[in-house]
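Geometric and topological summary
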Amino acid sequence: MVGIQKLLLARLVLFIVVFGMTCSMGEKDKPGFANEPGFARLAEGEGSFRAIVYDERNQYALKEFSFFGHTSVGGVRRETDDSVTRFELSKIKELKVLKAHFDSKRFGDKDYLLAEVTSKTGAITSDLLVPKKLIICGVDEKSGLEKSWFLQKIDRFVVQGPTPLVLPSIPSALSTQVASVATAAPLAPPAESVQQQAPVQQVPTAGSREQTKRTYTPPKENKWDVFYKQNQIPETNQETAQERRGISGAFIAVIDAIIDFVKALVNGALKFFR
(Lines give C-alpha, C1' and ligand atoms only; values in the text may rest on other atoms or scores of the structure.)
Protein backbone atom coordinates (compact mmCIF):
# COMPACT_ATOMS: atom_id res chain seq x y z
CA MET A 1 0.00 0.00 0.00
CA VAL A 2 2.83 2.37 0.84
CA GLY A 3 4.56 1.54 -2.45
CA ILE A 4 1.46 2.48 -4.43
CA GLN A 5 1.24 5.85 -2.67
CA LYS A 6 4.91 6.58 -3.39
CA LEU A 7 4.39 5.71 -7.07
CA LEU A 8 1.38 8.04 -7.35
CA LEU A 9 3.30 10.81 -5.57
CA ALA A 10 6.25 10.43 -7.95
CA ARG A 11 3.96 10.58 -10.99
CA LEU A 12 2.27 13.70 -9.61
CA VAL A 13 5.63 15.42 -9.03
CA LEU A 14 6.79 14.48 -12.55
CA PHE A 15 3.57 15.86 -14.07
CA ILE A 16 3.97 19.17 -12.21
CA VAL A 17 7.60 19.52 -13.35
CA VAL A 18 6.75 18.81 -17.02
CA PHE A 19 3.78 21.15 -16.95
CA GLY A 20 5.88 23.97 -15.43
CA MET A 21 8.62 23.54 -18.05
CA THR A 22 6.07 23.62 -20.89
CA CYS A 23 4.44 26.78 -19.61
CA SER A 24 7.79 28.52 -19.15
CA MET A 25 8.86 27.64 -22.70
CA GLY A 26 5.60 29.02 -24.10
CA GLU A 27 6.02 32.27 -22.18
CA LYS A 28 9.57 32.66 -23.54
CA ASP A 29 8.40 32.19 -27.14
CA LYS A 30 5.83 34.97 -26.93
CA PRO A 31 8.21 37.83 -26.03
CA GLY A 32 10.61 36.66 -28.73
CA PHE A 33 7.88 36.85 -31.39
CA ALA A 34 6.65 40.23 -30.11
CA ASN A 35 10.15 41.71 -30.46
CA GLU A 36 10.14 41.23 -34.25
CA PRO A 37 8.82 44.32 -36.11
CA GLY A 38 6.88 43.11 -39.12
CA PHE A 39 6.82 44.74 -42.54
CA ALA A 40 3.67 46.00 -44.23
CA ARG A 41 3.40 47.17 -47.83
CA LEU A 42 2.02 50.64 -48.45
CA ALA A 43 -1.76 50.39 -48.43
CA GLU A 44 -3.70 51.22 -51.59
CA GLY A 45 -4.68 54.88 -51.81
CA GLU A 46 -1.96 56.07 -49.43
CA GLY A 47 0.57 58.64 -50.62
CA SER A 48 4.16 57.53 -51.26
CA PHE A 49 6.78 59.39 -49.20
CA ARG A 50 10.55 59.29 -49.00
CA ALA A 51 12.38 59.44 -45.65
CA ILE A 52 15.83 58.95 -44.11
CA VAL A 53 16.00 56.79 -40.97
CA TYR A 54 18.92 57.29 -38.55
CA ASP A 55 19.70 54.09 -36.64
CA GLU A 56 22.80 54.66 -34.47
CA ARG A 57 25.54 55.40 -37.04
CA ASN A 58 23.63 54.13 -40.05
CA GLN A 59 21.43 56.08 -42.41
CA TYR A 60 18.82 54.46 -44.65
CA ALA A 61 17.06 56.24 -47.49
CA LEU A 62 13.63 54.66 -47.81
CA LYS A 63 10.84 54.99 -50.32
CA GLU A 64 7.20 54.09 -49.61
CA PHE A 65 7.85 55.08 -45.99
CA SER A 66 4.89 54.46 -43.67
CA PHE A 67 3.63 53.62 -40.20
CA PHE A 68 3.12 49.92 -40.85
CA GLY A 69 1.49 50.50 -44.27
CA HIS A 70 -0.22 53.84 -43.53
CA THR A 71 0.91 57.45 -43.86
CA SER A 72 -0.93 58.56 -40.71
CA VAL A 73 -1.32 57.15 -37.22
CA GLY A 74 -3.16 58.24 -34.07
CA GLY A 75 -2.99 57.51 -30.36
CA VAL A 76 -0.19 59.99 -29.60
CA ARG A 77 -0.54 61.68 -26.19
CA ARG A 78 1.04 64.61 -24.36
CA GLU A 79 2.37 64.70 -20.84
CA THR A 80 1.02 68.21 -20.27
CA ASP A 81 -2.64 67.65 -21.25
CA ASP A 82 -5.24 65.04 -22.19
CA SER A 83 -5.26 65.70 -25.95
CA VAL A 84 -4.77 63.01 -28.59
CA THR A 85 -2.46 63.82 -31.52
CA ARG A 86 -2.35 62.22 -34.97
CA PHE A 87 0.83 61.96 -37.05
CA GLU A 88 0.61 62.58 -40.80
CA LEU A 89 3.76 62.20 -42.90
CA SER A 90 2.65 65.00 -45.21
CA LYS A 91 2.84 67.44 -42.26
CA ILE A 92 5.95 66.11 -40.47
CA LYS A 93 9.46 67.27 -41.26
CA GLU A 94 11.40 65.41 -38.56
CA LEU A 95 10.78 63.15 -35.55
CA LYS A 96 13.39 62.64 -32.81
CA VAL A 97 13.24 59.98 -30.11
CA LEU A 98 14.31 61.82 -26.94
CA LYS A 99 13.80 58.92 -24.50
CA ALA A 100 13.19 55.35 -25.63
CA HIS A 101 11.72 54.53 -22.17
CA PHE A 102 9.63 57.17 -20.47
CA ASP A 103 7.68 56.76 -17.23
CA SER A 104 4.57 58.88 -17.69
CA LYS A 105 2.92 60.25 -14.57
CA ARG A 106 -0.31 60.98 -16.39
CA PHE A 107 -0.50 57.65 -18.27
CA GLY A 108 1.35 55.28 -15.97
CA ASP A 109 -0.49 52.17 -17.19
CA LYS A 110 0.86 52.46 -20.78
CA ASP A 111 4.27 52.15 -22.40
CA TYR A 112 5.33 55.34 -24.16
CA LEU A 113 8.49 56.89 -25.49
CA LEU A 114 9.19 60.63 -25.41
CA ALA A 115 9.51 62.22 -28.87
CA GLU A 116 10.02 65.64 -30.43
CA VAL A 117 8.31 66.47 -33.73
CA THR A 118 9.11 69.34 -36.11
CA SER A 119 6.27 70.11 -38.49
CA LYS A 120 6.48 71.47 -42.05
CA THR A 121 5.64 74.93 -40.70
CA GLY A 122 8.67 74.86 -38.36
CA ALA A 123 6.67 74.37 -35.14
CA ILE A 124 8.40 72.09 -32.59
CA THR A 125 6.51 69.91 -30.08
CA SER A 126 8.85 68.21 -27.59
CA ASP A 127 6.56 66.48 -25.07
CA LEU A 128 4.79 63.89 -27.22
CA LEU A 129 4.17 60.38 -25.88
CA VAL A 130 4.28 57.80 -28.66
CA PRO A 131 3.59 54.05 -28.23
CA LYS A 132 6.84 52.11 -28.06
CA LYS A 133 5.67 49.36 -30.37
CA LEU A 134 4.79 51.73 -33.21
CA ILE A 135 6.36 50.26 -36.37
CA ILE A 136 7.89 52.27 -39.21
CA CYS A 137 8.87 50.58 -42.45
CA GLY A 138 9.84 51.19 -46.07
CA VAL A 139 11.85 49.95 -49.03
CA ASP A 140 15.58 50.67 -49.15
CA GLU A 141 16.32 52.76 -52.27
CA LYS A 142 19.80 51.27 -52.73
CA SER A 143 19.19 47.59 -52.14
CA GLY A 144 15.43 47.35 -52.69
CA LEU A 145 15.10 45.37 -49.42
CA GLU A 146 12.13 45.75 -47.10
CA LYS A 147 13.11 47.26 -43.74
CA SER A 148 11.14 47.90 -40.55
CA TRP A 149 11.83 49.17 -37.01
CA PHE A 150 10.09 49.74 -33.74
CA LEU A 151 10.09 53.50 -33.28
CA GLN A 152 11.87 53.14 -29.93
CA LYS A 153 14.87 51.51 -31.67
CA ILE A 154 15.81 54.46 -33.90
CA ASP A 155 17.26 57.89 -33.18
CA ARG A 156 15.17 59.93 -35.63
CA PHE A 157 13.72 60.04 -39.11
CA VAL A 158 13.48 62.93 -41.58
CA VAL A 159 10.71 63.07 -44.17
CA GLN A 160 12.04 64.17 -47.57
CA GLY A 161 8.61 64.66 -49.16
CA PRO A 162 6.65 62.67 -51.76
CA THR A 163 8.57 60.01 -53.65
CA PRO A 164 9.73 61.65 -56.92
CA LEU A 165 8.70 60.09 -60.21
CA VAL A 166 11.61 58.88 -62.32
CA LEU A 167 11.12 60.27 -65.82
CA PRO A 168 13.60 60.36 -68.72
CA SER A 169 15.19 63.75 -69.20
CA ILE A 170 14.38 65.72 -72.36
CA PRO A 171 18.01 65.96 -73.62
CA SER A 172 18.48 62.20 -73.34
CA ALA A 173 15.20 61.53 -75.16
CA LEU A 174 16.14 63.94 -77.95
CA SER A 175 19.60 62.42 -78.29
CA THR A 176 18.05 58.95 -78.52
CA GLN A 177 15.72 60.10 -81.32
CA VAL A 178 18.60 61.76 -83.20
CA ALA A 179 20.68 58.61 -82.90
CA SER A 180 17.84 56.44 -84.23
CA VAL A 181 17.31 58.81 -87.17
CA ALA A 182 21.03 58.82 -87.94
CA THR A 183 21.17 55.02 -88.01
CA ALA A 184 18.10 54.80 -90.22
CA ALA A 185 19.28 57.43 -92.77
CA PRO A 186 21.22 56.08 -95.79
CA LEU A 187 24.86 56.92 -96.25
CA ALA A 188 25.58 59.90 -98.53
CA PRO A 189 27.30 58.99 -101.81
CA PRO A 190 30.87 60.21 -102.33
CA ALA A 191 31.54 63.54 -104.00
CA GLU A 192 32.90 61.92 -107.15
CA SER A 193 29.72 59.93 -107.78
CA VAL A 194 27.64 63.06 -107.21
CA GLN A 195 29.62 64.88 -109.86
CA GLN A 196 29.24 61.98 -112.28
CA GLN A 197 25.49 61.76 -111.72
CA ALA A 198 24.85 65.48 -112.22
CA PRO A 199 21.95 65.99 -114.68
CA VAL A 200 22.77 67.36 -118.14
CA GLN A 201 20.62 70.27 -119.26
CA GLN A 202 19.26 69.69 -122.78
CA VAL A 203 18.28 72.50 -125.13
CA PRO A 204 14.80 72.01 -126.60
CA THR A 205 14.82 71.28 -130.36
CA ALA A 206 12.45 72.52 -133.04
CA GLY A 207 10.69 69.18 -133.15
CA SER A 208 10.00 69.32 -129.48
CA ARG A 209 8.57 72.84 -129.83
CA GLU A 210 6.27 71.80 -132.71
CA GLN A 211 5.13 68.80 -130.70
CA THR A 212 4.39 71.12 -127.82
CA LYS A 213 2.26 73.36 -130.06
CA ARG A 214 0.40 70.41 -131.50
CA THR A 215 -0.33 68.84 -128.19
CA TYR A 216 -1.62 72.12 -126.73
CA THR A 217 -5.41 72.07 -126.21
CA PRO A 218 -7.33 75.21 -125.28
CA PRO A 219 -9.31 75.08 -122.07
CA LYS A 220 -12.92 74.05 -122.39
CA GLU A 221 -15.68 76.44 -121.49
CA ASN A 222 -17.39 75.86 -118.21
CA LYS A 223 -21.16 75.35 -118.31
CA TRP A 224 -21.56 78.25 -115.94
CA ASP A 225 -19.63 80.53 -118.30
CA VAL A 226 -22.04 79.58 -121.10
CA PHE A 227 -25.00 80.23 -118.82
CA TYR A 228 -23.73 83.69 -117.86
CA LYS A 229 -23.11 84.58 -121.51
CA GLN A 230 -26.64 83.61 -122.48
CA ASN A 231 -28.23 85.51 -119.61
CA GLN A 232 -26.38 88.80 -119.64
CA ILE A 233 -28.20 91.99 -118.64
CA PRO A 234 -27.78 93.81 -122.02
CA GLU A 235 -29.46 90.91 -123.84
CA THR A 236 -32.30 90.99 -121.36
CA ASN A 237 -32.76 94.70 -122.04
CA GLN A 238 -32.86 94.05 -125.81
CA GLU A 239 -35.53 91.39 -125.39
CA THR A 240 -37.56 93.79 -123.25
CA ALA A 241 -37.22 96.51 -125.91
CA GLN A 242 -38.34 94.06 -128.61
CA GLU A 243 -41.35 93.11 -126.53
CA ARG A 244 -42.21 96.76 -126.05
CA ARG A 245 -41.94 97.38 -129.83
CA GLY A 246 -44.25 94.46 -130.53
CA ILE A 247 -46.93 95.78 -128.14
CA SER A 248 -46.81 99.30 -129.56
CA GLY A 249 -47.04 97.92 -133.14
CA ALA A 250 -50.12 95.88 -132.22
CA PHE A 251 -51.73 98.91 -130.61
CA ILE A 252 -51.07 101.02 -133.72
CA ALA A 253 -52.48 98.27 -135.94
CA VAL A 254 -55.68 98.23 -133.86
CA ILE A 255 -56.04 102.02 -134.21
CA ASP A 256 -55.45 101.79 -137.99
CA ALA A 257 -58.15 99.11 -138.21
CA ILE A 258 -60.59 101.32 -136.30
CA ILE A 259 -59.82 104.27 -138.60
CA ASP A 260 -60.31 102.09 -141.67
CA PHE A 261 -63.63 100.88 -140.26
CA VAL A 262 -64.82 104.47 -139.65
CA LYS A 263 -63.74 105.45 -143.15
CA ALA A 264 -65.71 102.52 -144.58
CA LEU A 265 -68.84 103.58 -142.67
CA VAL A 266 -68.51 107.16 -143.87
CA ASN A 267 -67.99 106.09 -147.48
CA GLY A 268 -71.00 103.75 -147.26
CA ALA A 269 -73.24 106.55 -145.89
CA LEU A 270 -72.16 108.96 -148.64
CA LYS A 271 -72.92 106.39 -151.29
CA PHE A 272 -76.35 105.75 -149.79
CA PHE A 273 -77.40 109.39 -149.84
CA ARG A 274 -76.20 109.92 -153.37
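Let me sum up the structure you'll find in this document. Quick caveat: nothing in here was measured; it's all calculated off a predicted structure.

**Some remarks on the overall build of the protein**
When helices and strands are counted, the protein shows six helices and 10 strands. Residues counted as buried form 20% of the 274 residues belonging to the protein. For the protein, the share of sequence-separated contacts (at least 6 apart) that also reach a separation of at least 24 residues comes to 58%. Of the roughly 21,700 Å² that the protein leaves accessible, carbon and sulfur atoms contribute 59%.

**Quick word on unusual backbone geometry**
One non-glycine residue, E56, lies in positive phi territory at about 55 degrees. For E56, a relative accessible area of 68% puts it in the exposed group.

**Observations concerning the pairing of strand β2 (residues 58-66)**
As defined by bridge partners, strand β1 (residues 49-55) adjoins β2 across five bridges and the pair is classed as antiparallel. Bridging from a neighbouring strand, V53 pairs with Y60 of β2. Counted between consecutive antiparallel strands, the loop separating β1 from β2 contains two residues, among which E56 sits at a positive phi close to 55 degrees. Where β2 and strand β8 (residues 135-140) come together, three bridges link them in antiparallel fashion. For K63, the partnering residue across the bridge sits in β8 and is V139.

**Describing a nonpolar patch on the surface**
A cluster of nonpolar side chains, contributed by V254, I258, F261, V262, L265, V266 and L270, occupies part of the molecular surface with about 650 Å² of accessible area. Among the secondary structure elements, F261 is positioned in helix α6 (residues 233-273). Classification of F261 by relative accessible area gives exposed; the value is 53%.

**A closer look at the sheet that holds strand β7 (residues 124-131)**
Here we have 10 strands laid out as an open sheet, ordered β4-β3-β7-β6-β5-β10-β1-β2-β8-β9, and antiparallel in their pairing. Only two strands of the sheet have a single neighbouring strand rather than two, namely β4 (84-88) and β9 (146-150). This sheet shows a mean twist of 40 degrees between the axes of neighbouring strands, independent of strand direction.

**Observations regarding the nonpolar core**
In this structure, F87, I136, L151 and F157 are the most contacted members of the largest nonpolar core, which totals 25 residues. Leaving out residues up to four positions away in the same chain, I136 has contacts with V53, F65, S66, F67, K147, S148, W149, L151, I154 and F157. Formed by five residues, the second largest nonpolar core is a distinct cluster that contains F107, Y112, L114 and L129.

**Quick notes on the environment of C137**
With respect to the element layout, C137 can be found in strand β8. Exposure remark for C137: the relative accessible area of 0% places this residue in the buried category. The sequence separation of C137 and H70 amounts to 67 residues, and the corresponding C-alpha distance is 9.7 Å. For C137, the contacting residues outside a window of four places in its chain are F39, A40, E64, F65, S66, F68, G69, K147 and S148.

**Describing the pattern of salt bridges**
Under the criterion given, the structure shown has eight salt bridges. With a shortest N-O distance of 3.1 Å, R78 and D127 are connected by a salt bridge. On the criterion of sequence distance, the pair formed by R78 in strand β3 (residues 72-78) and D127 in strand β7 is long-range, its members being 49 residues apart. What makes R78 partly exposed here is its relative accessible area of 25%. Linking D82 and R106 is a salt bridge whose minimum nitrogen-to-oxygen distance equals 2.7 Å.

Rules used in this analysis
- Residues numbered from 1 in each chain as written.
- Predicted model: local features only at pLDDT ≥ 70, side-chain atom pairs only at ≥ 80, totals over all residues.
- Heavy atoms only, no water.
- Helix = DSSP H or I, 4+ residues; strand = E, 2+ residues; numbered from the N terminus.
- Buried < 20%, exposed > 50% of the residue type's maximum accessible area, 1.4 Å probe, protein only.
- Contact = heavy atoms within 4.5 Å.
- Areas by Shrake-Rupley, 256 points an atom, 1.4 Å probe, with all protein chains shown as cover.
- Pairing = 2+ DSSP bridges.
- Patch = residues over 30% accessible without salt bridge, like charges linked within 9 Å, V, L, I, M, F, W, Y side chains within 5 Å.
- Salt bridge = Lys/Arg side-chain N within 4 Å of Asp/Glu carboxyl O.
- Axes fitted to C-alpha atoms, helices over the stretch in contact; angles between N-to-C directions.
- Core = buried A, V, L, I, M, F, W, Y, C linked by side-chain atoms within 4.5 Å.

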